[in-house]
Amino acid sequence: MDMQSLYQEIILDHYKAPHHAGLRDPYEAEVHHVNPTCGDEVTLRVHLVDGMVEDVSYSAEGCSISQASTSILTDLLIGKPVPDALAVHQTFLELLQSRGTVEPDEAVLEDAVAFAGVARLPARVKCALLGWVAFRDAVTRAGAAYENHSQRAADTVEITATKGK
Amino acid sequence: MTVTVSSLNGLLDTERIRADFPILSRRLADDRPLVYLDSANTSQKPHQVIDAMAQHYAHHNANVARAVHQLGAEATEAFEAARDTVAGFIKAPSRDEIVFTKNSSEALNLVANTLAWARGDLSIGEGDEVVISEMEHHSNIVPWQLLTERTGATLRWFGLTDDGRLDLGDIDDLINERTKVVSLTWVSNMLGTVNPVAEIARRARAVGAIVVLDASQAVPQLPVDVVASGADFVAFTGHKVVGPTGIGVLWGRRELLEALPPFLGGGEMIETVTMARSTYAGPPHKFEAGTPPIVQAVGLGAALDYLSTIGMEQVAAHEQAITAYALQRLSEVTGLTVLGPTEAVDRGGAISFELEGVHPHDVSQLLDSLGIAVRAGHHCAKPAHARFGVQSSTRASFYLYTTPAEIDALVEGIRHTQRFFGVA
């Protein structure tokens, strides 16, 4: 695969200068997620106010894909109502799990469309999802259950499957 | 010391050897030739192994040790002949000391579990100590954590020096009259270090401890004599010695194999069974419940025969020469730091490194785009990475088919990676 299409400029820019990095107060939930295969990790906090994602802060160690993905997540989701943020999360998840069969929706995903190439590399999908799965977990723990339960349970199974071995 | 290709002593005739390995001539995406530098992860297989397994399936397939028919006899003969080959290859005093397992992990778990269940002289409990090291693969850490948690014994470990060797400074404290087991890797899968196992085994045996060696990386690279190693148990796996996956080996001293309780219960491991109780077969069958990996044993036998034909002294010399060349070439790369010994002395053919400014995942992705296969991550040795303050590394590992030209391709690929990420 062409490395320029995988490592798009936007990914390398976020990797070199990640947005919203660092752990901040206040927050309602903090989670720690690791990719057991490679050891990449992220500690991520969410601060929710009146149903809005007021802040997402994080400390992460990992490859360019996982770092840039978490950085872009914060750009996209901070300031959104929680249900909208979860909808973006769902769209991103579907793109990454599509093995390249889904055309990315730029209106929803904005800069995150840069990860469309990653969807064709099974070994790297979990890198791109690390921060996103952590975000979803943190929101759930913060007690913001905005969607119906069965939908959430289905997502959880898929997420576990992508974490793999 | 500068090493040039022309001055490399001990290289094998890789052109001839590579002709035996069909996969080494395949092309990858963009018609790039394969540069396979991941042999510490798993080795490639010569056609002699592939053919032996196909021949067995095509002509001799049957279950072993229970079929009276001709095919059953042939299969049993082939399976047991592989046990003889293994015994000869590692210089085991008796074929009955060779237990076939699924892999090294199962072999190490077999020892740790049966020791946890042992009563009498071999029993382990509170106040007893088990010693491992910080450079172990997870498969030689977790079984001992489980053992000590289950028995109340204490887990202790050797630390590492900054250049990636075992720190033997506190050996007198670590190996003492409370020590029941010392379990160490012979050759580190991450750092490449070859440990002075015979000396440590001598110290351990002197206090009555059982010595277990994880030889997963040693048997592929070094001439191995299990008795001379001083160990009581030695574990290795088939797929790293140009053999198939699905089969590993545990060698154990006969009196210990006889004294330990069974591991898994089932067919093949019994003498007689009533509804109330069973009596067990002697070693090795006592530890081989169920239908064993028959064709994998045949493949393993063919693999060890292949290595014996080349000669393990020659394989070790090749590994040493190619590792010295790789260390020299990698030292020319600015921003590259080798984790582990930087001289090819008491060192195996796995080199883990950090590249400043580029994460190992990204290094291996870029190298893969050039057809170069390396491993990125923690290599199942998280504590060893933590010891050197890194989360993960990139590892290039070599075997009897690795050429200096492939090392050159690696170095050029690393430079390309640095340019791509703008860190050169």
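Residues numbered from 1 in each chain as written. Chains lettered and ligands numbered in written order. Predicted model: local features only at pLDDT ≥ 70, side-chain atom pairs only at ≥ 80, totals over all residues.

## Some thoughts on the domain arrangement of chain B
How big an interface is tends to be reported as the loss of accessible area on association of its parts.
All names here are of chain B.
Thought 1: Per the domain assignment, the segments making up chain B are domain 1 (5-47 + 311-420) and domain 2 (50-308).
Thought 2: Centre-to-centre separation of domain 1 and domain 2, based on C-alpha positions: 28 Å.
Thought 3: Listed by contribution, the elements that provide at least two residues to the side of domain 1 that touches domain 2 are helix H10 (312-330), strand S14 (350-355) and helix H12 (382-387).
Thought 4: No other element matches H10, which puts five residues into the side of domain 1 that touches domain 2.
Thought 5: Grouping the constituent residues of the side of domain 1 that touches domain 2 by class yields 13 nonpolar, nine polar and seven charged. (Domains from an automatic or database assignment. Helix = DSSP H or I, 4+ residues; strand = E, 2+ residues; numbered from the N terminus. Nonpolar A, V, L, I, M, F, W, Y, C, P; charged D, E, K, R; others polar.)

## Comments concerning the packing of helix H4 (residues 104-117) of chain B against helix H5 (residues 142-151) of chain B
Residue and element names in this part refer to chain B.
Thought 1: At a minimum axis distance of 9 Å, the contact between H4 and H5 shows a crossing angle of 10°. On the basis of the axis angle, H4 is roughly parallel to H5. Residues Leu 108, Asn 109, Ala 112, Leu 115 and Ala 116 of H4 touch H5, and the partners they reach there are Pro 143, Trp 144, Leu 146, Leu 147, Arg 150 and Thr 151.
Thought 2: The residue makeup of the contact of H4 with H5, split by class, is eight nonpolar, two polar and one charged. (Axes fitted to C-alpha atoms, helices over the stretch in contact; angles between N-to-C directions. Parallel < 35°, antiparallel > 145°, perpendicular 65-115°, else oblique. Contact = placed C-beta atoms within 7 Å.)

## Re the sheet that holds strand S3 (residues 52-61) of chain A
Residues and elements named next belong to chain A.
Thought 1: Spatial ordering of the open sheet is given by S1-S2-S3, a layout of three strands whose pairing is antiparallel. The outermost strands of the open sheet, each flanked by one partner alone, are strand S1 (29-34) and S3. Neighbouring strand axes in the sheet, compared pairwise and without regard to direction, differ in orientation by 20° on average.
Thought 2: Sheet analysis places strand S2 (residues 41-49) next to S3, joined by nine bridges and oriented antiparallel. Note on S3: the bridge partner recorded for Val 42 is Ala 60.
Thought 3: Along the sheet face, helix H3 (residues 64-77) touches S2 and S3 and points at about 170° away from the line of S3. (Pairing = 2+ DSSP bridges.)

## Considerations on the interface of chain A and chain B
Thought 1: Contacts between the two partners involve 10 residues from chain A, matched on the other side by 13 residues from chain B.
Thought 2: A class-by-class count of the residues in the side of chain A that touches chain B yields five nonpolar, four polar and one charged.

## Focus on the pairing of strand S4 (residues 98-101) of chain B
It is a general feature of regular strands that their side chains alternate between the two faces of the sheet.
Residue and element names in this part refer to chain B.
Thought 1: Both faces of S4 are covered, namely the face carrying Ile 98 and Phe 100 and the face carrying Val 99 and Thr 101.
Thought 2: Relative to strand S10 (residues 248-252), S4 is paired through four bridges, and the arrangement is antiparallel. Residue pairing across strands places Thr 101 opposite Gly 248, the latter belonging to S10. (Buried ≥ 20, exposed ≤ 12 C-beta atoms within 10 Å, placed from the backbone.)

## Notes on the nonpolar core
Thought 1: Counting residues in hydrophobic clusters, the biggest one holds 121 residues, and the most contacted among them are B:Val234 and B:Val298.
Thought 2: For this core, the element with the highest residue contribution is helix H9 (residues 294-310) of chain B, accounting for 10 residues.
Thought 3: Two domains each put at least three residues into this core: domain 1 (5-47 + 311-420) and domain 2 (50-308) of chain B.
Thought 4: One finds A:Ile65, A:Ala68, A:Val82 and A:Ala138 within the second-largest nonpolar core, a separate group that totals 44 residues. (Core = buried A, V, L, I, M, F, W, Y, C linked by C-beta atoms within 7 Å.)

## With respect to the sheet that holds strand S16 (residues 375-377) of chain B
Residues and elements named next belong to chain B.
Thought 1: Sheet architecture is open: four strands sit in the order S13-S14-S17-S16, paired in antiparallel fashion. What marks the edges here is a single partner per strand, and that holds for strand S13 (336-339) and S16. Pairs of neighbouring strands in the sheet enclose a mean axial angle of 30°, with direction left out of account.
Thought 2: For S13 and S14, the ladder comprises four bridges, and the chain directions are antiparallel. Looking across to S14, one finds that Val 338 is bridged to Phe 353.
Thought 3: Contacts between H10 and the sheet are confined to S13, S14 and strand S17 (393-397), with S14 contributing the most and set at about 10° to the helix.
Thought 4: The strands that helix H11 (residues 360-369) touches are S14, S16 and S17; relative to S16, the one it contacts most, it runs at about 160°.

## With respect to unusual backbone geometry
Thought 1: With an omega dihedral of -10°, the bond running from A:Asp25 to A:Pro26 counts as a cis peptide bond.
Thought 2: Relative to the helices and strands, A:Pro26 is located in the loop between helix H2 (9-16) and S1.
Thought 3: In this chain, B:Pro283 is followed by B:Pro284 through a cis amide linkage whose omega measures 5°.
Thought 4: In this fold, B:Pro284 is placed in the loop between strand S12 (278-280) and H9.
Thought 5: Its identity is not glycine, yet A:His20 carries a phi of approximately 55°, on the positive side.
Thought 6: Position of A:His20 relative to the elements: it lies in the loop between H2 and S1.
Thought 7: Not every positive phi belongs to a glycine, and B:Asp346 is a case in point at roughly 45°.
Thought 8: Positionally, B:Asp346 belongs in the loop between S13 and S14.

## A closer look at H5(B)
Residue and element names in this part refer to chain B.
Thought 1: Within the sequence span of H5, burial applies to Pro 143, Trp 144, Leu 147 and Thr 148. Buried residues of H5 fall within an arc of 130° about the axis and therefore sit on the same side.
Thought 2: Those residues of H5 that are buried are in contact with H4, strand S5 (129-133), strand S6 (154-158) and strand S7 (179-185).
Thought 3: Backbone geometry just downstream of H5 places Gly 152 in the positive-phi region, at approximately 85°. (Arc of directions from axis to C-beta.)

## Side note on helix H4 (residues 82-96) of chain A
All names here are of chain A.
Thought 1: Given a rise of 1.5 Å per residue, 15 residues ought to cover 21 Å, and the 21 Å separating the end C-alpha atoms of H4 matches this to within 8%.
Thought 2: Within the sequence span of H4, burial applies to Val 82, Ala 85, Leu 86, Val 88, His 89, Phe 92, Leu 95 and Leu 96.
Thought 3: For H4, the elements touching its buried residues are S2, S3, H3, helix H5 (106-109) and helix H6 (122-141). (Expected span 1.5 Å × (residues − 1).)

## Quick notes on the pairing of strand S9 (residues 233-237) of chain B
All names here are of chain B.
Thought 1: Within S9, five of the five residues are buried, which leaves the element mostly enclosed by the surrounding structure.
Thought 2: The side-chain alternation of S9 yields two buried faces, one formed by Phe 233, Ala 235 and Thr 237 and the other by Val 234 and Phe 236.
Thought 3: Pairing geometry for strand S8 (residues 210-214) and S9, over three bridges, is parallel. What sits directly across from Leu 213, in S9, is Val 234.

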